[in-house]
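Structural features, examined
One letter stands for each residue in the lines below.
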Number of protein chains: 2
Amino acid sequence: MDFPNSVRLIEVGLRDGFQFESKVAPTELKLEIISELVQAGLKHLQIASFVNPKRVPQMADAEELLRRLPKHDGVVFSGLVLNTKGLERACRAGLESVEISISASDTHSRKNTGMALNEAILQGKDMIRRAKEYNMHITAGVQCAFGCVYEGNIAEERVLGILSEFMSIGIDRISIADTTGMAHPLSIKSLMKKLIPQIGGLPAALHLHDTRGLGLVNVMAAMECGIREFDCSLAGMGGCPFVAGAAGNIATEDTAYLMKTLNIETGIDIQKLGACSMKLEIFFEKRFPGKVCRLNIC
Amino acid sequence: MDFPNSVRLIEVGLRDGFQFESKVAPTELKLEIISELVQAGLKHLQIASFVNPKRVPQMADAEELLRRLPKHDGVVFSGLVLNTKGLERACRAGLESVEISISASDTHSRKNTGMALNEAILQGKDMIRRAKEYNMHITAGVQCAFGCVYEGNIAEERVLGILSEFMSIGIDRISIADTTGMAHPLSIKSLMKKLIPQIGGLPAALHLHDTRGLGLVNVMAAMECGIREFDCSLAGMGGCPFVAGAAGNIATEDTAYLMKTLNIETGIDIQKLGACSMKLEIFFEKRFPGKVCRLNIC
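Residues numbered from 1 in each chain as written. Chains lettered and ligands numbered in written order. Predicted model: local features only at pLDDT ≥ 70, side-chain atom pairs only at ≥ 80, totals over all residues.

**A word on the relation of the copies chain A and chain B**
- You can overlay chain A on chain B at an RMSD of 0.0 Å; the transform is a turn of 180° with a shift of 0.0 Å along its axis. Taken together, the rotation angle and the small translation identify this as a two-fold axis. Taking C-alpha positions as the reference, the residue of chain A nearest the rotation axis is A:Val217, at 2.6 Å. (Least-squares fit on C-alpha atoms with pLDDT ≥ 70 in both.)

**Some points on unusual backbone geometry**
- In the Ramachandran plot, A:Cys144 falls in the positive-phi region, its phi being about 55° despite a non-glycine side chain.
- Counting through the fold element by element, A:Cys144 comes out in the loop between β5 (137-143) and α7 (156-169). (Helix = DSSP H or I, 4+ residues; strand = E, 2+ residues; numbered from the N terminus.)

**Some points on helix α10 (residues 252-261) of chain B**
- Where burial is concerned, most of α10(B) is hidden: eight out of the 10 residues are buried.
- For α10(B), the secondary structure elements touched by its buried residues are α9 (215-225) of chain A together with β1 (8-11), α1 (13-17), α9 (215-225), β8 (229-232) and α11 (270-284) of chain B.
- Within two residues after α10(B), B:Asn263 carries a phi angle of roughly 60°, on the positive side. (Buried ≥ 20, exposed ≤ 12 C-beta atoms within 10 Å, placed from the backbone. Contact = placed C-beta atoms within 7 Å.)

**Overview of the interface of chain A and chain B**
- Contact with chain A, which involves 26 residues of that partner, is made by 26 residues of chain B.
- At the level of elements, α8 (185-199), α9 and α10 (252-261) of chain A are the ones that each hand at least two residues to the side of chain A that touches chain B.
- Ranked by the residues each element gives to the side of chain A that touches chain B, the list is headed by α10(A), at four residues.

**Here's the deal with the pairing of strand β2 (residues 44-50) of chain A**
All names here are of chain A.
- Within β2, six of the seven residues are buried, which leaves it mostly tucked inside the rest of the structure.
- Pairing between β2 and strand β3 (residues 76-81): six bridges, direction parallel. Bridging across to β3, Phe 50 finds its partner in Val 81.
- Where the polypeptide runs from β2 across helix α3 (residues 62-68) and back to β3, its parallel neighbour, the crossover connection is right-handed. (Pairing = 2+ DSSP bridges. Right-handed = clockwise from strand over helix to strand, strands pointing away.)

**Section: the environment of B:Val76**
Residues and elements named next belong to chain B.
- As for its position among the elements, Val 76 is in strand β3 (residues 76-81).
- The exposure class assigned to Val 76 is partly exposed, which follows from the 16 C-beta atoms found within 10 Å.
- Taking C-alpha positions, Val 76 is 9.2 Å from Leu 42, a pair spaced 34 residues apart along the chain.
- Non-local contacts of Val 76, meaning those with residues more than four positions away in its chain, are made with Lys 43, His 44 and Ser 97.

Scope: geometric values only; no functional claims are made or implied.
So, in structure tokens, the structure goes:
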């Protein structure tokens, strides 16, 4: 195995985890958790999405959260946008690091955004152009990159084609999302072998869901291919709107623990992360799937 | 990666999973589940332990279960014994395949059985001698092989030494248990590299708990070392008496699904397994950690 000395774990729980919870977290709690996560050593947090507050009430305070967010040197706070309106809101709110994302599945795109894949690509390119004008740091992402519950397998060429379109405008980083948890070691390795030469050194993150229990196995496979950044969520919060009862992202503590056992540096204090997760289980009054957060072991 | 064409998954949920449940399952339900598991393609099931029925009421019907068990050609039904008294019970009940197991941790052994490690080894050897006289198929196991909550790391030499003692009497198969979920890819590979040459072709199974979320990652590491048999439990049932809130064994369906994605044959119908798991969640009135059993995907 050819493993790296260090990897970066990106906490996306405040966005991808929180958005599935019906109990709306006050901005105060979000700020408290963010502060504790920074104390725990996280260097990149996706903290909000600029989406329709009527559809996702949990994200309605995106502007307020950004306004009240203290500066932390060396820590990236990013936000997700899915359309031009969201991008404009994010820009006005002063967001410096934006994650622009479209689905590789035409059916998923139509159902989720009302746009066909071709339209979504055009809008994505337009968003990237504008974000560049606003001097934002741009991550361009592809959802459902390893499969779609409507379309089944997604052709690798489609994912690579979308990235190529986005790279032609100019982006700073890419993110590949296994939105439905359908990735597995062979599909990860197959796509990464084509993708990594194509992106020519651009930083690339993998966003994995643990829907079928293969989350950390997929992390291992991706690391072997050279991937060094992984989205995770506290205690594995989150879900999948297409698969009832399915799990959220890979749990940040469990991923950090895996890295620790492999002597791969993350800079993360697992004990402190676990304390955040336990606080969120109390607030949301539920048990999340993460395992290490329950143990006094690290 | 050098993966096998096929692996054998051993269902231990009826023993290691059920024993943690306070609601006692009637023998009728166990027989029904066993029949469904055989239908689903499982070829080896550990169905009972011959332990003190006052300490583990869930296993009190071991004799009745064996008496009422229909014959299934090509299917192994094994039982666990931890002391001579249990072995005699198992023999009288007509058990053909016995799993004899001691802990590699002196402290764990004293707390769990009242015997020091040296005494446990002597008793283990005595049990193996007797089981040979009874013409039983003998699996000899080592618990806490990758760590102990009391003693921390367990020296590899201790595990290898115990196996050597047992092999000197004559056994048919070995089983290495990560009772506390402390194994990780590096410790799996390190122990297996020493163990596999020592056992000289004897079949070897790994018994993994998913306490820290590394269960399937450890399966991958063990397969790379040549391990071809894995204990699993339906829906990841079970627990760890030393770690509150910890997870059980690796889930059978999730492990079978991983194998399917790697094109490794298990002979298992994942859909049928999942139906068993859902039935058990209803009976025990709780949600187990397994993921694939919740999805209509396989």
